[in-house]
Every structure is written in C-alpha cells, then in structure tokens.
Amino acid sequence: MSEKFIPLTDHRQYKANLRIPAQLEQPVGMLADTMGRPLHDLRISVTDRCNFRCVYCMPKEVFDKDYHFLPQTSLLSFEEITRIARIFVAHGVSKIRLTGGEPLLRKNIEKLIAMLSEIPTHDGRRLDLTLTTNGSLLARKAQSLKDAGLTRVTVSLDAMNEATFKRMNDVDFSVSDVLDGITAAHYVGLGPIKINMVVKGGMNDDQIIPMARYFKNTPHILRFIEYMDVGASNGWKLDEVIPSAEIVRRINAAGMKLIAIDPNYKGETAERWRYEAENNSGSGEIGLISSVTQAFCHDCSRARLSTEGKLYTCLFANQGHDLRALLRDDQLTHSDLAISNVVAQLWQARGDRYSELRSQNTPQQPVAGKKIEMSYIGG
Ligand code: SAM
Ligand code: SF4
Ligand code: SF4
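A. Structural context of the pattern of salt bridges. What the rule picks out here adds up to 19 salt bridges. The partner of Asp 336 in a salt bridge is Arg 83, and the shortest N-O contact between them spans 2.5 Å. Of this pair, Asp 336 sits in helix H9 (residues 336-348) while Arg 83 is found in helix H1 (residues 78-90), placing the two residues 253 residues apart along the sequence. The partner of Glu 110 in a salt bridge is Lys 141, and the shortest N-O contact between them spans 3.1 Å. Of this pair, Glu 110 sits in helix H2 (residues 109-117) while Lys 141 sits in helix H3 (residues 138-148), placing them 31 residues apart in sequence. What emerges from the salt-bridge pattern is a single network uniting Asp 33, Arg 37, Arg 350 and Asp 352.

Here is the structure:
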C-alpha cells in the first residue's frame, strides 16, 4: 500500500513559542487586533473526517483510503473544547459555530452542544450556537440537536440537479436526502436556516437559477459562496470563480428582481439581498459571500480552533497556535487565566488579511505559502 504525502501534514507541527505573560490580566469582554477588529466569532472544527468528498474541499484523489486522518487521541475532548470556548466567550465571543469535516459525524455531538449551551455570553445573554453540516445526518439528528440547545443550522447544498449534486459531493448522495434534513431542521425550530451553495464555474453554475427558484418564497436564506483558494488540494483556478456580481446579474436576468438590504451587523460575511415582493407577498432573502472578488478582511472578527486544538486567526493562515499543548502540558498546570492571557496576546498581535492581499497582488494566483485544509480548520 503506497503512503500518501499530503501538504496538510506540514501544518500539524507543534508551535512551541506560546508564552504565558508574567503579569496576568482578567478578560474584559473586548479584545482588538492590530487593525482594531474585535473577536466575536469562534468556529470549532470537531472532526477532520467527512462522509462526502466535495471536489472543492476534500477531493477523492487526496482524501482516499490511504489518507491519514487524525487519531482519536489527537482530537480535543468535549471538556477541552468547552474550556477553551469559555475562555473565548469571556473575551467577547458571542457566536460559536461547530464545523469540520462533517460535525454530525463526531460521536455524541449533542453532549458537546449541551455543554456549550450553558456558557452565558460576557454580558449574560445566550450564546448564538450554530453548526454547519452537509445535511446527510440532519433528518435523523435535528430533534436531538435542538433539544441539546443548538440555536440554528446552516446546511450546504450545491445543486438541485441530482447528477450535478452527485458530481459535487462525489459519494453519490441525493439532493432529496439533504432536503429532508432541511425540512426536519425547520420543523424542530432550528431556523432561520441558511443554505450554503459553493459555486464552481463549469461545474454547478447552471444551478444558480434552479437553487434561487427553489428557495425563493421559503423562510430559508440561500447563500452563494465564491469558490475559494482554501487549502492546497483543490487545484483552485481564478477562472472557475463566478463573481457574486455575475450571480446577481443572472438572477435578475431570470426575472427574479433583487434589492440590496442592510447587513444585520458589522462584520457580517454575506452581503444581503431580498427579492422584490410580487403582489405584495414577501418572497425571501439571499446572501452573497464574495471572499474572492470583495474581500471582507477589514471586518473579520473570526477565530478558528482546529480539530486538534490549534488556534488560527485566519482561514488562510499557514500556522496555528497550539492551545492543546497548554491544556495537556505534563510539566505545568496552566490556569484558565493564563490561557486566557495567551489568547489575548495572539489576538492583539493579529494582522491577517489574506483575501485583501490576494486581491491587491496578482488576483490570478493564490498568495504563495502553504495553507491548511478547510476540512481540518473548519469553514
Ligand atoms: N461538512 C460541513 C458542510 O459541508 O457544511 C461543514 C464543513 S465545510 C468545510 C463548511 C463550508 O465550507 C461548507 O458550506 C462548504 O461548502 C464550504 N467550503 C468548503 N470548501 C470551500 C471552498 N473551496 N470554497 C468555498 N467554500 C468552501
Ligand atoms: Fe465534507 Fe463539508 Fe468539505 Fe463537503 S464541504 S467535503 S461536506 S467538509
Ligand atoms: Fe478573515 Fe482571513 Fe478571510 Fe480575511 S482572509 S476574511 S482575515 S479569514
């Protein structure tokens, strides 16, 4: 059996230079990085495994039977995740998204949700606790997720056409099964549900209109995502990106008139549009995530925690900060306050703005340097 070499391995190195400051300060619920950006969002990858092989994320040629996924002992335990989450929330995080890989594959995920849902925000409110899923296990799990305290879900779906969807997920999974998951999630109250469609030119862009038609007049918010140069395995090319402006043009041209609407909050990733109401009937909202053509780094307030406990301050970072090493240090026991001060230091030193630099440099090419895979760091 041949050993696979995949670029991801390089990025799992231990970064030993996390320093506990001599003078420890209590968190005040507000941190700003070098560009004045607050820390509001934490995305936690709970597994690097997935039952799909989406061509833009985990292509089969790389993520095959010889691929080395992380061993169970490397994963953060639920107690470790909750401990880190508590520290981030004390710094002002009010929204936590579980992701992966496929988060619903993590055994007893409901238990983790129940533990996280008990953490109040810095100002005593309920956390916005959400999850992004490919929908394959959602019909079965929607009720237990809701009961555990999940606020809402985002479901990925890249096509209405069966053959196209199967070509995208590459494991022969059916559209109707994802739609059943969405229905179940809506029924138990995990809404408003967002539907993520990654648009890859020449592969599923003919599905923009069918997807828009299907989700128009529903309470679900369809979000079109520009295909990104994330990771090192999807062979990204700029000419496969369909710019958001083109998506709006196509939907308008198909007779579904769109009107731009204000963001819900500063730093929202999706640009919001609603359909012009026909005969005074409300007809829904869409979102456009233009990571390639309109970088939104200036407002980015997201931190990412990898499956094995490394903190990434940008989706495109090539190095993580090993928080698990602090949690599992066999020489010293670190207090929550010590770890909290390390997190504060890392965020205050943050200057990431990969997408803006990509746009400014050579927009044809991703910025040079090795990057971590989306399935490891979480979308
Ligand atoms: N497995 C879950 C899912 O697919 O919803 C959660 C993890 S997935 C990495 C999170 C999101 O990232 C999904 O909506 C997926 O479509 C998106 N994604 C993955 N690779 C991408 C890429 N190259 N460009 C843009 N979005 C991508
Ligand atoms: Fe799996 Fe989600 Fe990546 Fe698709 S996008 S391969 S479902 S992790
Ligand atoms: Fe945030 Fe990095 Fe994406 Fe910019 S490129 S929006 S800094 S994650």
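B. Fine view of the site of ligand 1. Lining the immediate environment of ligand 1, one finds 20 residues, of which Gly 101, Ser 156, Asn 196, Val 198 and Met 228 sit closest. Tyr 56 has a polar backbone atom sitting 3.1 Å from a nitrogen atom of ligand 1. Asn 196 has a polar side-chain atom sitting 3.1 Å from an oxygen atom of ligand 1. Across the complex, the protein chains shield 95% of the 550 Å² of accessible surface that ligand 1 would expose by itself.

C. Here's a closer look at the packing of aromatic side chains. This structure, assessed with the given rule, holds seven aromatic pairs. With 5.1 Å between their ring centres and 45° between their planes, Phe 52 and Phe 173 make a pair best called tilted. One end of the pair, Phe 52, is in the loop between strand S1 (41-45) and H1; the other, Phe 173, is in the loop between helix H4 (162-169) and helix H5 (175-188), and 121 residues separate them in sequence. Residue Phe 173 is classed as buried on the basis of its relative accessible area, which comes to 17%. Relative to Phe 215, the ring of Tyr 214 lies with its centre 4.9 Å away and its plane at 75°, an arrangement referred to as edge-to-face. A relative accessible area of 4% places Phe 215 in the buried class. Joined through ring pairs, the aromatic side chains of Phe 52, Phe 165 and Phe 173 make up one cluster. The aromatic ring of Tyr 275 is capped on one face by Lys 216, whose charged end is 5.4 Å from the ring centroid.

D. Representation of the site of ligand 2 within the structure. Contacts to ligand 2 come from Cys 50, Phe 52, Cys 54, Tyr 56, Cys 57, Met 58, Gly 101 and Asn 134. For the shell around ligand 2, the residue count by class is six nonpolar, two polar and no charged.

E. Structural context of unusual backbone geometry. The omega torsion of the bond from Gly 191 to Pro 192 falls at 0°, within 30 degrees of zero and hence cis. When you line up the elements, Pro 192 lands in the loop between H5 and strand S5 (194-199). In the Ramachandran plot, Asn 217 falls in the positive-phi region, its phi being about 65° despite a non-glycine side chain. Within the fold, Asn 217 resides in the loop between helix H6 (208-215) and strand S6 (221-226).

F. Up close: H1. Look at H1: 18 Å from first C-alpha to last across 13 residues, which is about the 18 Å you get at 1.5 Å a residue. Every buried residue belonging to H1 is among Phe 78, Glu 80, Ile 81, Thr 82, Ile 84, Ala 85, Ile 87, Phe 88 and Val 89, and all of these are buried. Once H1 ends, the next one or two residues include Gly 92, with phi positive near 115°.

Rules and cut-offs
- Residues numbered from 1 in each chain as written.
- Chains lettered and ligands numbered in written order.
- Predicted model: local features only at pLDDT ≥ 70, side-chain atom pairs only at ≥ 80, totals over all residues.
- Heavy atoms only, no water.
- Salt bridge = Lys/Arg side-chain N within 4 Å of Asp/Glu carboxyl O.
- Helix = DSSP H or I, 4+ residues; strand = E, 2+ residues; numbered from the N terminus.
- Near = heavy atom within 4 Å.
- Polar contact = N/O pair within 3.5 Å; in protein donor to acceptor, adjacent residues only side chain to side chain.
- Areas by Shrake-Rupley, 256 points an atom, 1.4 Å probe, with all protein chains shown as cover.
- Phe/Tyr/Trp six-rings, centres within 6.5 Å; stacked < 30°, edge-to-face > 60°.
- Buried < 20%, exposed > 50% of the residue type's maximum accessible area, 1.4 Å probe, protein only.
- Lys NZ or Arg CZ within 6 Å of the ring centre and 35° of its normal.
- Nonpolar A, V, L, I, M, F, W, Y, C, P; charged D, E, K, R; others polar.
- Expected span 1.5 Å × (residues − 1).

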